[in-house]
Every structure is written in structure tokens, then in C-alpha cells.
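Residue-level listing of the chains:
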Amino acid sequence: MTTAGPPERPYDRYDRQTRASDPTAAPAPSLVKPSPASSPAPAPPRERPQPTGPAWIVVPARIVALVVVLPFRLLYDGVLLAGRGLGRAFAGLFRGLGWLLAAIGRALYAAVLRPLGLLFVFLVVRPALWIYAALLTPAGRALVWLLERLVVWPLRALAHALVWLVNAVIVMPAVLLWRYLLRPPLAGLAWLLRYTGTALLWAWRATGRALVWLVNAVIVMPAVLLWRYLLRPPLAGLAWLLRYTGTALVRAWRATGRGLAWLGRVFVVMPGRAIWEYALRPVWLGVAASWRLAGRGLRWLWRTLVVAPCRWVGRNVLRPIGTAVAATWRVTVQEPARWVGRNVLSPVRQAGRDVRLSIRRAFRGA
């Protein structure tokens, strides 16, 4: 037995679709009550949470969703169903055309292409295979046998004969000529050249030693004697004279430098040091002390005449004014803005979120 439930609201359809797409959502309450004998008593349905937000925003949003979004949704469903119907019609048409073309192709193959293929096989392929097996293969084997007997074997015999002829006419005479005619005189010539080279080398060494002894006796020994007994004594005396003269000049230069250094220290350094110690240094110390004293006085005047008044003005005038301005800003601007955001803007933002949710559910469909 079925009983009529409460009237269905426009957004119940979308809630059921959302629960069907979301496995974690709670099932919607059924409109048909089962009989007590067939099934146990169902659990009491849970109330759907009402969207939060002020009524002056939620109710117009629902009216807009019912009047504007729902017709567009119905139009979309109609166009979708019409597209599906046209798709199925075109699919049946294309399927029929495919069956017709397949039947025509099978008939064309059975009536035209297959007989032509059999005719080509019986008239061209099998005769060509028979000609190749019965005529061309024996003819090719006979031609190979004739070429081997008439060309290859005579050429092989001719090559063996040429090799024997070259060995008998050229190689063996050349070997005998080298072994019994050319090699003995060439070996004797090599022996003669070797011993002649040895004699020439011995003569060259003897000549070199004689030339070395002659150069040593005629040039080197006289030069050594000339250097040792004529040139070396005067050159050694001249070197001794130059060495001691240089030593005397260096000592004189050092003495002159020391004297000039003593004169500079006596006449320049000591007077300059005395002038600095007793004339310039007291003046410099006095100037530095005066500069330090003037700096301390200026620093004391700056702290007394500028820093202390500015600090007093900041502590007793500017800080109370800043505190008063901050308190006035907090009371007149910050607290009202916070109240407006909490009590006005937040409900409006929540209502806009609910409207977007309703429109999204409407476009997704029930």
C-alpha cells in the first residue's frame, strides 16, 4: 500500500542525484512505504540540513533557480535525448550501409575475383612452374656440366702448365745462377770490402792520433807555456792591484757614508728632534686638548639644548597625542569595520556560497 508523501520540492531532485554520486552521503527518504509484512519498519528519516543564510537572500536565489535554471536544464535534457536518438538512427543507417557494402564485396569476390584468380593460376602460374621444373632446370644443369668440361678443366690444366713452365724456365735458372755464378764473387767482394774498410778505419785512427799529437805539440803546449810563464804573472799582479784598489775605494766610500750619516744625525736629526720635543709637540698637545674640550662643550650643549627638550616633547606631548589618535581610530574605524564584517559581510558571503551551490546542483541535474 502506498501513501502520498509531502510535495516534492525543486531542489530535492538535485539532492538525490548528489547522494547517488557520493557514496558517503546519507540515502534519501523513500516516498513509497513498504508493507509491514514484507520488510521491517524503516528508521525515521533524517532531516536535510537547511542552507544557512538570511531568508531575504536564500528565497530569491531559490526562485531564480526554479524560474531560470530549471527551464534551461529541461531544454538541455531534451537536446541530449534528441542527440541520442539521432545518434542511434545514424548508427543503424551506417550499420545497414556496412552490411550492404559487405554483401556486395562478397558477391564481387565470389563472381569475379575468385574465377580470375583461378584462371591466372591454371593459365600462368602452373605452366611457368612446369616449364621451370621440366625444361629450365635440366638445361641449366647441362650448361653447367658443359662449361665445367669445356672451360674450367682446360683453364685449370693450362694454369698448371704455365706454373710448371715458369718454374722450369725462370725460377730454377735464376736460383742456379744465383747459387753457382753470382753468390761466390759477391761473397768475395763483400770480404774484400770488409777488410778494406777495416784497414781504412785503422789508417784514419792513426792519422787522427798523429794530428792530435801534432796539434798538441805545435799549438797547445806553446800556448800553455806562454800563458803560464809570460801572461799569467803580469795579469795576476794587475788583478791583485785592482782588487786592493777596489777594497780601498769601498772602505773610503763606507767611511765617507758614515761621516755623512754622523753629520746628518748631528746637524739634522738631533735639532729636528729637539724642535719637535720642545716646540711643536707642546703646541700639538695644546691644540688637541683645546679640540677635545671644545667637543665636550658642544656635546654638552647639544644634549642640553636639543636632545633633552625633544625627549620631553616626545614623552609629554607626542606620545599622549599618538595614544589618543590610536584609541580614536580603534573606536571609530576598527571596531565598526570588524562588526560590519562579522554581522553583514559574513552572512552575505555565506548566502553567495549557498547560491553557487544551488546553481551547481541545478546544472549537474537530479
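Cut-offs applied
- Residues numbered from 1 in each chain as written.
- Predicted model: local features only at pLDDT ≥ 70, side-chain atom pairs only at ≥ 80, totals over all residues.
- Heavy atoms only, no water.
- Helix = DSSP H or I, 4+ residues; strand = E, 2+ residues; numbered from the N terminus.
- Buried < 20%, exposed > 50% of the residue type's maximum accessible area, 1.4 Å probe, protein only.
- Contact = heavy atoms within 4.5 Å.
- Areas by Shrake-Rupley, 256 points an atom, 1.4 Å probe, with all protein chains shown as cover.
- Salt bridge = Lys/Arg side-chain N within 4 Å of Asp/Glu carboxyl O.
- pLDDT = per-residue confidence, 0-100.
- Phe/Tyr/Trp six-rings, centres within 6.5 Å; stacked < 30°, edge-to-face > 60°.
- Patch = residues over 30% accessible without salt bridge, like charges linked within 9 Å, V, L, I, M, F, W, Y side chains within 5 Å.
- Lys, Arg positive; Asp, Glu negative; His and termini not counted.
- Charge placed at Lys NZ, Arg CZ, Asp CG, Glu CD.

A. Expanded view of the overall build of the protein. A count of helical and extended segments in the protein gives 2 helices and 0 strands. Scored against the burial criterion, the 366 residues of the protein give a buried share of 4%. A separation threshold of at least 6 residues defines the contact pool for the protein, and within that pool the share at least 24 residues apart is 65%. When the accessible surface of the protein is totalled, it reaches about 31300 Å², and 73% of it is carbon and sulfur.

B. Quick peek at the pattern of salt bridges. By the definition in use, this model includes 3 salt bridges. Put simply, aspartate 77 and arginine 73 hold a salt bridge, and the shortest N to O gap is 3.6 Å. Here arginine 73 and aspartate 77 lie together in helix α2 (residues 55–364), a separation of 4 residues that amounts to about one turn. The class of arginine 73 is buried, set by a relative accessible area of 14%. The salt bridge partner of glutamate 148 is arginine 149, with a shortest N-O separation of 3.6 Å. Residue classification places arginine 149 among the partly exposed positions, given a relative accessible area of 30%.

C. Fine view of the confidence of the model for the protein. Predicted confidence across the protein gives a mean pLDDT of 81, with 84% of residues reaching 70 or more. For the stretch residues 1–15, pLDDT sits under 50, and the model shows 21 contacts to residues farther than four places along the chain or on other chains. Long-range and interchain partners of residues 17–40, a stretch whose pLDDT sits below 50, account for 17 contacts in this model, where long-range means more than four residues apart.

D. Geometry of the packing of aromatic side chains. This model, assessed by the stated rule, comprises 3 aromatic pairs. Here the aromatic rings of tryptophan 191 and tyrosine 195 are separated by 4.7 Å at their centres, their planes lie at 55°, and the arrangement is tilted. Taken together, the positions of tryptophan 191 and tyrosine 195, both in helix α2 and 4 residues apart, correspond to about one turn of that helix. On the basis of relative accessibility, which here comes to 46%, the residue tryptophan 191 falls in the partly exposed class. Judged by its relative accessible area of 46%, tyrosine 195 falls in the partly exposed class.

E. Region of interest: a positive patch on the surface. Together, Arg349, Arg353, Arg356, Arg360 and Arg364 give the surface a local cluster of positive charge. Look at arginine 360 and you get partly exposed, because its relative accessible area is 41%.

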